[in-house]
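# Structural overview for review
If you want the building blocks of each chain, they are given just below.
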Amino acid sequence: VLASLPLQMMLYFNIYYFPVWCLAEGMMLQLKYHLLPQHYQFLLVTAFLILSLAEGSRLYLGYVGNLQEK
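First, a word on scope: everything that follows refers to the structure included in this document. (Residues numbered from 1 in each chain as written. Predicted model: local features only at pLDDT ≥ 70, side-chain atom pairs only at ≥ 80, totals over all residues. Heavy atoms only, no water.)

### Considering the overall build of the protein
Within the protein one finds two helices and zero strands. The C-alpha radius of gyration of the protein comes to 16 Å, more than 25% above the 11 Å expected for a compact globule of 70 residues. C-alpha extents for the protein along the principal axes are approximately 50 × 20 × 10 Å. Counted over contacts in the protein with a minimum sequence separation of 6, partners at least 24 positions apart contribute 72%. A total accessible area of about 5,800 Å² is found for the protein, and carbon and sulfur atoms account for 74% of it. (Helix = DSSP H or I, 4+ residues; strand = E, 2+ residues; numbered from the N terminus. Rg over C-alpha atoms; globule rule 2.2 N^0.38 Å. Contact = heavy atoms within 4.5 Å. Areas by Shrake-Rupley, 256 points an atom, 1.4 Å probe, with all protein chains shown as cover.)

### Let's talk about the packing of aromatic side chains
Tallied over the full model, the rule gives four aromatic pairs. Measuring from centroid to centroid gives 6.1 Å for tryptophan 21 and phenylalanine 48, while their planes differ by 35 degrees, and the two rings are tilted. Taken as a pair, tryptophan 21 in helix α1 (residues 5-33) and phenylalanine 48 in helix α2 (residues 38-67) lie far apart in primary sequence, 27 residues in all. We classify tryptophan 21 as partly exposed; its relative accessible area is 34%. Among the aromatic residues, ring-to-ring pairing joins Tyr12, Phe13 and Tyr16 into one connected group. (Phe/Tyr/Trp six-rings, centres within 6.5 Å; stacked < 30°, edge-to-face > 60°. Buried < 20%, exposed > 50% of the residue type's maximum accessible area, 1.4 Å probe, protein only.)

So, to be careful, I would describe these as geometric facts and stop short of saying anything about function.
What follows is the structure, encoded as structure tokens:
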């Protein structure tokens, strides 16, 4: 079994788009943070951190797994 070229290309481009998404989402969160109730502030920050960590892990594991054919 060989590494999947289309998957590798998608992961490669996603690695470059992920920081752009993080920056844009972080800026939007900062702009609207003070306008939201406190429980929404907590939920948005928590969701942002969980999604960022999950996406980073997914990209790393997909990249390594595809190249090692796992």
